[in-house]
Amino acid sequence: PGYMTQGILFKEDYYYRRVFVDAVAFVRAAQNLPGVDPARVIVAGGSQGGGIALAAASLSDGVFAAMPDVPFLCSFRRATEIVDTYPYHEITTYLRVHRSEVEQVFQTLSYFDVTNLVTMANAPALVSIGLHDPICPPETIFAMRNRYAGKIDTEVYEFNTHEGGSVAHQIVQAAWLEKLLAEKSSQ
């Protein structure tokens, strides 16, 4: 009924395959825009956008930095075990009816789980986590964080939910990015 299960039985048909291909294409397009320094393309987003930003940082060449906020698409299997909220709930609802397809579903999802993809990500990253997030459980984001190949900084918002640090986190992002740009300029 939704995007989480569209084409879920085959990695070639899964909805997020096209989304991730588009994310890589957008990075390449941005690197070729007039007036853009191709060595300083930054990917960012919140929730689903955070997961897509992580996929783009993992699958694209030359991403300068990644700033995913409360990223979705991390640790699919664990998320379906611990939350009953959408969008992960769409997967569990599907599997209630298609009981014989559990292993195939999680096999397909493993190709799109950013916890697996980030083992190829080298761009510095700043990730935010809301410890009371009922949509993107903190432990799924920490699992991704622990596998990230590049340098990753984490901002934990102890009492926040899916909004993470909200506007306060944007100030943290600006300071983090300013410092990163200064470091790269001095090299």
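Residues numbered from 1 in each chain as written. Predicted model: local features only at pLDDT ≥ 70, side-chain atom pairs only at ≥ 80, totals over all residues. Heavy atoms only, no water.

Please clarify how the sheet that holds strand β3 (residues 125-130) should be interpreted in this entry.
Overall, parallel pairing links the four strands, which are arranged β1-β2-β3-β4 in an open sheet. In this open sheet, the two edge strands, each paired with only one partner strand, are β1 (41-46) and β4 (152-157). The mean angle between the axes of side-by-side strands here comes to 10°, regardless of whether they run parallel or antiparallel. Sheet topology note: the β1/strand β2 (residues 63-69) ladder contains six bridges and is parallel. Considered in β2, the bridge of valine 41 is made with valine 63. Against the sheet, helix α2 (residues 48-59) engages β1 and β2, with an angle of about 150° to β1. (Pairing = 2+ DSSP bridges. Helix = DSSP H or I, 4+ residues; strand = E, 2+ residues; numbered from the N terminus. Axes fitted to C-alpha atoms, helices over the stretch in contact; angles between N-to-C directions. Contact = heavy atoms within 4.5 Å.)

Got a minute to help me understand the packing of aromatic side chains in this structure?
Applying the stated rule across the entire model yields eight aromatic pairs. Judged by centre distance (5.1 Å) and plane angle (85°), the rings of tyrosine 15 and tyrosine 16 are edge-to-face. A ring pair is formed by tyrosine 16 and phenylalanine 20, whose centres lie 6.0 Å apart and whose planes are at 55°; its orientation type is tilted. Highlighted residues: tyrosine 16 and phenylalanine 20, both in helix α1 (residues 15-31), separated by four residues, approximately one helical turn. The buried category is assigned to tyrosine 16, whose relative accessible area is 2%. Over the ring of phenylalanine 64 we find arginine 40; its NZ or CZ atom is 5.9 Å from the centre of that ring. (Phe/Tyr/Trp six-rings, centres within 6.5 Å; stacked < 30°, edge-to-face > 60°. Buried < 20%, exposed > 50% of the residue type's maximum accessible area, 1.4 Å probe, protein only. Lys NZ or Arg CZ within 6 Å of the ring centre and 35° of its normal.)

Would you explain the side chain of threonine 140 in this entry?
Within the secondary structure, threonine 140 is located in helix α7 (residues 138-147). With residues up to four places along the chain from it excluded, the contact list for threonine 140 reads Cys74, Ser75, Arg78, Ala79 and Thr115.

Can you walk me through helix α8 (residues 166-185) in this structure?
Residues that lie three or four places apart on an α-helix share one face, since the helix turns once every 3.6 residues. Here α8 is 20 residues long and its end C-alpha atoms lie 29 Å apart, about the 28 Å a rise of 1.5 Å per residue gives. Among the residues of α8, His169, Gln173, Trp176, Leu177 and Leu180 are the ones counted as buried. Around the axis of α8, the buried residues are gathered within 100° of arc, so they sit on the same side. Opposite its buried face, α8 presents the exposed residues Val167, Ile171, Glu178, Lys179 and Ser185, each directed more than 90 degrees away. The inward-facing, buried residues of α8 contact β1, β2, β3 and β4. (Expected span 1.5 Å × (residues − 1). Arc of directions from axis to C-beta.)

Whenever I open this one, the side chain of threonine 115 confuses me. Can you help?
Along the chain, threonine 115 falls in helix α6 (residues 114-117). Within the structure, threonine 115 has its side chain in polar contact with the backbone nitrogen of serine 75 (distance 3.1 Å). Residues in contact with threonine 115, not counting those within four places in the same chain, are Leu73, Cys74, Ser75, Thr140, Ala143, Met144 and Arg147. (Polar contact = N/O pair within 3.5 Å; in protein donor to acceptor, adjacent residues only side chain to side chain.)

Would you take a moment to explain helix α5 (residues 102-110) for this structure?
When we look at burial in α5, the residues that qualify are Val105, Phe106, Thr108 and Leu109. Looking straight down α5, one finds its buried side chains confined to an arc of 155°; they lie on one side. As for α5, its buried residues are in contact with α3 (76-82) and α4 (88-97).

Would you mind going over the pattern of salt bridges with me for this structure?
One side chain can pair with another of opposite charge once the charged atoms of both are near each other. The final tally for this structure, using the stated rule, is five salt bridges. For arginine 40, the salt bridge is made with aspartate 37, and the minimal N-O distance between the two is 3.8 Å. Between lysine 151 and aspartate 153 there is a salt bridge whose closest N-O contact spans 3.0 Å. Judged by relative accessible area, which is 55%, lysine 151 ranks as exposed. Owing to a relative accessible area of 27%, aspartate 153 belongs among the partly exposed residues under this scheme. Through salt bridges that share partners, Arg78, Glu81 and Glu139 make up one connected network. (Salt bridge = Lys/Arg side-chain N within 4 Å of Asp/Glu carboxyl O.)

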